[in-house]
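Observations on the model geometry
What follows is the residue order along each chain.
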Amino acid sequence: MSLVVTDTLEDERVEFTADGDVTLYVCGLTVSDDPHLGHARLWFHADVLHRWLEHVGYDVRHVENVTDVNEKITARVGERDDWTEERDVAETFTASVFDAMRGLNLLRAEVYPRVTEHVPEILDLVETLIEKGYAYESNGSVYFDVTSFDGYGKLSNQETDALEAQGEPDERSEKRNPSDFALWKADGVSETAAREHAKHDHGAETPAGETWESPWSEGRPGWHVECSAMSTTHLGDTLDIHMGGRDLVFPHHENEIAQSEAATGETFARHWLHVGLLEMDGEKMSSSIGNFWTVPDALEELGVNVVRTFYAGAAYRSEQALTEETVAEAEERWERLSRTYDRAVDALDSVDAGAKAEDGELREAVETARDDFAAAMNDDLNLREATAALLDLTDAVNRHVDSEPPHDYRALREAVETFEELGGDVLGLQFESPSDGDVDLAGELVELILDVREAEREAGNYERADELRDALREVGVEIEDGPDGATYRFE
């Protein structure tokens, strides 16, 4: 069965096909704050799509942008002493995004292009659109004329004459049509925009953000043109898959199609996949509303496996609610998978596993789990059913382990490999063998002892602190004291 996806442009389920490498572009985050679980929902589903495509044999070229030029970023200049310009704020939260991505066990993209790195490509694209008659200059700014592009509105199913105005109110007098959108904006961020998004008092000096020279004015790129320039620079004129949040369909993705196809004459993206929003307290999770849970805080409380299992509980194209009940379900599902995996590994590595033992029921359950998992993934990435296939396998594994030995070594090995390959490599869950868990527990115990030792040192009980250090050394843990505190390594 081939992969079927829900394509927003076609407004229906379609079969996905690609020749050679699959090019996947994911609309990344505007780095104006720490990432929360709403942002990470898109990351997770893009990651699983990437993993599944590789699993079925495609080479995936995955690019995800970083929007590091934006009035929300500029508005935070001066909020901290080290945030003296827009770039300082952007770099702080870009680092936060990358830390969150690593914590979520996401596959790395081929590249994470930033707007500030691609201003020359943006200028080239804007010049091309002017030369071809799709864009015009007005008071140093450049706007895309939506009436000049015949297909405008095809992604969001809107008629051009029914469109609402785009952009800030101060642009209206510069534009031919209210729905035209900015490709280049003269000057910096307006004082009104900077103050609107500010989380602190700027005082008398409102930051205007970074600007660049252009043929039309000293200014800044428009939001929409940035993604077109970055995606085509790294993946070519036509993408196999463009993925983003549902709230970006209009105007952002609609505008990307118009400016990209107007400039190149080629189809911009063969498939458009949009991820539904994450809701908390009945509303879209949002930093501006304040109903959000940051990725680091969620990982600290729940762990990466529960977070990923939670996301797998709903279809990518639908909305998902973050509640006590949905989190509890994810915890229970992960516990079943993890506990059964550990039991299978223990039985597999024990003397009770025999080379000639055969359990036809377990062998059939492994094969069924693999078939059901593949069918679910190819059915528009039905992760809930894919997870259910692995949970069905846990029942068969537990029945086998609970039975009288000898156990079927081959069947247990195939079950363990199924959890690792489908649950681990595809769903991105991090299974640990019981021995790995012991190492982790030992590390936690050493950290606890080091905390006690540091408390003894601070209290002046140096003899007791030395006794703790020596006791750890006797069991194979070498302690090294440094300016930033004590570190350890297992001998």
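Below, the structure is looked at part by part.

Definitions and cut-offs
Residues numbered from 1 in each chain as written. Predicted model: local features only at pLDDT ≥ 70, side-chain atom pairs only at ≥ 80, totals over all residues. Heavy atoms only, no water. Pairing = 2+ DSSP bridges. Helix = DSSP H or I, 4+ residues; strand = E, 2+ residues; numbered from the N terminus. Axes fitted to C-alpha atoms, helices over the stretch in contact; angles between N-to-C directions. Contact = heavy atoms within 4.5 Å. Salt bridge = Lys/Arg side-chain N within 4 Å of Asp/Glu carboxyl O. Buried < 20%, exposed > 50% of the residue type's maximum accessible area, 1.4 Å probe, protein only. Polar contact = N/O pair within 3.5 Å; in protein donor to acceptor, adjacent residues only side chain to side chain. Parallel < 35°, antiparallel > 145°, perpendicular 65-115°, else oblique. Disulfide = S-S within 2.5 Å. Phe/Tyr/Trp six-rings, centres within 6.5 Å; stacked < 30°, edge-to-face > 60°. Lys NZ or Arg CZ within 6 Å of the ring centre and 35° of its normal.

Here we take up the sheet that holds strand 10 (residues 269-275). Ordered by their spatial adjacency, 4 strands build an open sheet running 4-3-9-10, and the pairing between neighbours is parallel. Unpaired on one side and paired on the other, strand 4 (60-64) and strand 10 mark the two borders of the sheet. Direction aside, the axes of adjacent strands within the sheet are offset by 20° on average. When strand 3 (residues 22-26) meets strand 4, the two strands line up parallel, connected through 5 bridges. Across the sheet, residue Tyr25 finds its bridge partner in strand 4, namely Val63. Contacting strand 3, strand 4, strand 9 (239-245) and strand 10, helix 1 (residues 37-55) crosses the sheet at an angle of about 155° to strand 9. Across the sheet, helix 7 (residues 249-264) touches strand 3, strand 9 and strand 10, and the angle it forms with strand 9 is around 160°.

We now examine the sheet that holds strand 13 (residues 320-321). Here we have 3 strands laid out as an open sheet, ordered 12-11-13, and mixed in their pairing. Pairing within the sheet leaves two strands with one partner each, and these edge strands are strand 12 (283-284) and strand 13. With 2 bridges joining them, strand 11 (residues 278-280) and strand 13 adopt parallel strand pairing. Of the residues in strand 13, the one forming a bridge with Glu279 is Ala321.

With that out of the way, let us pick up the pattern of salt bridges. Inspection of the entire model under this criterion finds 30 salt bridges. In this structure, Glu319 and Arg246 form a salt bridge, with 3.1 Å as the shortest nitrogen-oxygen distance. Highlighted residues: Glu319 in the loop between helix 9 (304-311) and strand 13 and Arg246 in the loop between strand 9 and helix 7, separated in sequence by 73 residues. On the basis of relative accessible area, Glu319 is assigned to the partly exposed category, the value being 33%. Linking Asp247 and Lys284 is a salt bridge whose minimum nitrogen-to-oxygen distance equals 3.1 Å. Placement of Asp247 in the loop between strand 9 and helix 7 and of Lys284 in strand 12 is noted, with a sequence separation of 37 residues between them. Here the salt bridges share partners, and the residues they tie into one network are Asp33, Arg76, Glu79 and Lys199.

A few words on the environment of Ile479. The topology assignment puts Ile479 in strand 16 (residues 477-482). Placed 477 residues apart in sequence, Ile479 and Ser2 show a C-alpha to C-alpha distance of 55 Å.

Attention now moves to the pairing of strand 1 (residues 4-7). Looking at chain direction, strand 1 and strand 2 (residues 12-15) are connected through 4 bridges and run antiparallel. Looking across to strand 2, one finds that Val4 is bridged to Glu15. Linking two consecutive strands that pair antiparallel, namely strand 1 and strand 2, is a turn of 4 residues; a positive phi of about 60° is found at Asp11 within it.

What follows is about the environment of Gly153. If you trace the backbone, Gly153 turns up in the loop between strand 6 (141-144) and strand 7 (181-186). Owing to a relative accessible area of 3%, Gly153 belongs among the buried residues under this scheme. As a C-alpha pair, Gly153 and Gly460 span 307 residues in sequence and 72 Å in three-dimensional space. Non-local contacts of Gly153, meaning those with residues more than four positions away in its chain, are made with Gln158 and Glu254.

What follows covers the side chain of Ser217. By secondary structure assignment, the location of Ser217 is in the loop between helix 5 (191-197) and strand 8 (219-221). There is a polar contact of 3.3 Å between the side chain of Ser217 and the side chain of Trp184. Leaving out residues up to four positions away in the same chain, Ser217 has contacts with Gly140, Trp184, Ala186 and Trp212.

Next up on the list: unusual backbone geometry. Here the residue pair Phe250 and Pro251 is connected by a cis peptide bond, since its omega of 10° sits within 30 degrees of zero. Take Pro251: it is sitting in helix 7. Cis geometry is found at the peptide bond from Pro405 to Pro406, where omega equals 10°. Note on placement: Pro406 falls in the loop between helix 12 (383-402) and strand 15 (407-408). Residues other than glycine seldom take positive phi values, yet Asn139 does so here, at roughly 55°. When you line up the elements, Asn139 lands in the loop between strand 5 (135-138) and strand 6. With phi around 60°, Asp281 is a residue other than glycine that occupies positive phi space. Secondary-structure assignment places Asp281 in the loop between strand 11 and strand 12.

Helix 6 (residues 223-235) packs onto helix 4 (residues 119-131) with a crossing angle of 105° between their chain directions and a minimal axis gap of 9 Å. As summarised for this structure, helix 4 and helix 6 are arranged roughly perpendicular, according to the angle between their axes. On the side of helix 4, the interface is formed by Glu121, Ile122, Leu125 and Val126, while helix 6 contributes Val225, Glu226, Ser228, Ala229 and Thr233.

Simply put, the disulfide is a covalent bond whose two ends are the sulfur atoms of two cysteines. Counting across every chain of the model gives 0 disulfides. Of the cysteine sulfurs around Cys27, a residue in no disulfide, the closest is that of Cys227, at 3.8 Å. A residue is classified by how much of its surface remains accessible, and Cys27, at 4% relative accessible area, is buried.

With that out of the way, let us pick up the packing of aromatic side chains. Tallied over the full model, the rule gives 14 aromatic pairs. Note on Phe16 and Tyr58: the rings are 5.8 Å apart at their centroids and 75° apart in plane angle, and the pair reads as edge-to-face. Of the two residues, Phe16 is situated in the loop between strand 2 and strand 3 and Tyr58 in the loop between helix 1 and strand 4; the sequence distance between them amounts to 42 residues. Pairwise contacts between aromatic rings join Trp334, Tyr341, Phe419 and Phe431 into one cluster. The ring of Tyr136 has Arg176 sitting right over it, with the charged end atom 4.0 Å from the ring centre.

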